[in-house]
Amino acid sequence: MGIGRREFLKLSGIALAGLNTNSIQAVVTNEDVYVNKKLGIMFYKPNNWGFVSVKDFGELKDKQILANRSEEIKNEIWNDLGEPICIITKYYKESPENKGVFSPTITLNITPKKELESLGYDSFEELIALSELGTSLILKDFTVVKSYAPYQISGTTFYEYDAYYMFEHYEISEPLKVELKVLKAEHNDFYYDFNFHQSFAQNQIATSEFEEFKKTIKLI
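Here the structure is a predicted model, which means the values were calculated and not measured. (Residues numbered from 1 in each chain as written. Predicted model: local features only at pLDDT ≥ 70, side-chain atom pairs only at ≥ 80, totals over all residues. Heavy atoms only, no water.)

## Considerations on helix α5 (residues 207-216)
Part 1 of the argument: Within the sequence span of α5, burial applies to F210, F213 and K214. Considered in projection along α5, the buried side chains sweep an arc of 100° and stay on one side of the axis. Projecting away from the buried face of α5 at angles above 90 degrees are the exposed residues S208 and K215. (Buried < 20%, exposed > 50% of the residue type's maximum accessible area, 1.4 Å probe, protein only. Helix = DSSP H or I, 4+ residues; strand = E, 2+ residues; numbered from the N terminus. Arc of directions from axis to C-beta.)

## Focus: the nonpolar core
Part 1 of the argument: Formed by 22 residues in total, the largest nonpolar core has its most connected members in I41, F43, F194, F213 and I217.
Part 2 of the argument: Among the elements of the structure, β3 (41-44), β6 (86-89), β7 (105-112), β11 (176-187), β12 (190-198) and α5 are those that each provide at least two residues to this core.
Part 3 of the argument: Formed by 19 residues, the second largest nonpolar core is a distinct cluster that contains Y121, L127, Y165 and V182. (Core = buried A, V, L, I, M, F, W, Y, C linked by side-chain atoms within 4.5 Å.)

## Comments concerning the pattern of salt bridges
Part 1 of the argument: Tallying each qualifying case throughout the model produces seven salt bridges.
Part 2 of the argument: A salt bridge links E211 to K214, with the shortest nitrogen-to-oxygen separation between them at 3.1 Å. Here K214 and E211 lie together in helix α5, a separation of three residues that amounts to about one turn.
Part 3 of the argument: Three or more residues joined by partner-sharing salt bridges are found here, namely E160, D162, K181, E211 and K214. (Salt bridge = Lys/Arg side-chain N within 4 Å of Asp/Glu carboxyl O.)

Laid out in structure tokens, this is it:
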């Protein structure tokens, strides 16, 4: 259901106060907040984290090794998934000391419902199960360990589950266990998909940042 357009515009106006923006600009970010007026969503990033540009995401995904090693299939998978509309990561600045270090990351994908109609699912819960199956074909050793009862954020029902997978990357010598929290919602004509990645194995933990982030999500 969301919070209503008037309240959303009020909150986004406060968040972007002092920032010189075009009134018709659909997506706006400053040092702390992401506002997408077209899709009606806003949220605050964790302190001292940074937004990743689409260009940089292209370079990052090329370095990740997916469960299926075929380059042709890898490219097909990325095309099917689409690019996240927003990526936030802890170590967003390139530096020698961060090479080989897993950076806790939040991504958001938003998919129009009509793009998934051909899958033939009967409910959002069934679509989530299909999504879990699809993810298991992409991420090595992907395993769901806990599912939560649906709950409300900004007047919208969200579904959440915890999982893990083995992260393989050309700059990391051995496969790394990564903990993944997935947050999904069906809202208006779109599906919202937040993914929160952290790694206890490297002591790159961001549980508190993830929980605080969820509290800042606002939807029209």
